[in-house]
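Breakdown of the fold
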Amino acid sequence: AQSVTQLGSHVSVSEGALVLLRCNYSSSVPPYLFWYVQYPNQGLQLLLKYTSAATLVKGINGFEAEFKKSETSFHLTKPSAHMSDAAEYFCAVRGGGYNKLIFGAGTRLAVHP
Amino acid sequence: DVKVTQSSRYLVKRTGEKVFLECVQDMDHENMFWYRQDPGLGLRLIYFSYDVKMKEKGDIPEGYSVSREKKERFSLILESASTNQTSMYLCASGGSDQPQHFGDGTRLSIL
């Protein structure tokens, strides 16, 4: 069965600093992996997806993620944090048919001036 | 752009009431999903539908039912609302091999 673990429920960075949000997955088949972002009082918005093509995936708003099979990881990074990046971020793996997603518990990112 | 519309952003109901949450998508997606979101637990799948009138239980279906009479509309029903169903409810839709797209959510309070 597939599962997702996000390390760190809260991450705090300074504006301009590197953002690193960690995600590890468990999957018995080649995984399809996703990162979503949720701004306050909104639904989830797709940031990027990995579907077994390039291992480095670029998404919107300057985010990217690298798929590492040996580490079963799909960490999300952004070189320079902006105040507008403050939000909750969810990693997900597709599993169980019908494009169902299994989500991690989420990481809340705070960005300080 | 895919549009998933949930009928209410905020809803307050009383225990024992029958509650309907509505979701409409405009992209002709086969699959539609209802999740609840609680702090520290991420999103948990309640029910999903892969075609009109077809539905499958998710991870936490107890106390809920769903209806899909038309392809674009997927309704979540709380048969007899209880306080432990106070939560944020998110609807999503997605086609085959397509990412899920989410609505803005309904924050439901049961008093």
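Everything here concerns the structure above.
Since the model is a prediction, treat every value here as computed from it, not as a measurement. (Residues numbered from 1 in each chain as written. Chains lettered and ligands numbered in written order. Predicted model: local features only at pLDDT ≥ 70, side-chain atom pairs only at ≥ 80, totals over all residues. Heavy atoms only, no water.)

The full count for this structure, using the stated rule, is 14 aromatic pairs over all chains. With centroids separated by 6.4 Å and ring planes inclined at 35°, the aromatic side chains of Phe34 of chain A and Tyr36 of chain A adopt a geometry described as tilted. Pairing Phe33 of chain B with Phe48 of chain B gives two aromatic rings, centres 6.0 Å apart and planes at 25°, and the pair type is stacked. Pair noted here: Phe33 of chain B is in strand β4 (residues 31-38) and Phe48 of chain B is in strand β5 (residues 42-51), with a separation of 15 residues, a long-range link. (Phe/Tyr/Trp six-rings, centres within 6.5 Å; stacked < 30°, edge-to-face > 60°. Helix = DSSP H or I, 4+ residues; strand = E, 2+ residues; numbered from the N terminus.)

In this section: the environment of Val24 of chain B. Examined against the element boundaries, Val24 of chain B turns out to sit in strand β3 (residues 19-25). Setting aside residues no more than four positions away along its own chain, Val24 of chain B makes contact with Lys3, Val4, Thr5, Glu72 and Arg73 of chain B. (Contact = heavy atoms within 4.5 Å.)

Quick look at the pairing of strand β5 (residues 44-50) of chain A now. All names here are of chain A. Note that strand β4 (residues 33-38) and β5 share six bridges and pair antiparallel. Of the residues in β5, the one forming a bridge with Val37 is Gln45. Counted along the chain from β4 to the antiparallel partner β5, the turn is five residues long, and its residue Asn41 has a positive phi close to 60°. (Pairing = 2+ DSSP bridges.)

In this section: the interface of chain B and chain A. If you look at the interface, chain B gives 24 residues, while chain A gives 20 residues. Remark: the boundary between chain B and chain A carries zero salt bridges. Between the two partners, chain B and chain A, sit six residue pairs in polar contact (both at pLDDT 80 or more). Looking at the side of chain B that touches chain A, the elements with two or more residues in it are β4 and β5 of chain B. (Salt bridge = Lys/Arg side-chain N within 4 Å of Asp/Glu carboxyl O. Polar contact = N/O pair within 3.5 Å; in protein donor to acceptor, adjacent residues only side chain to side chain.)

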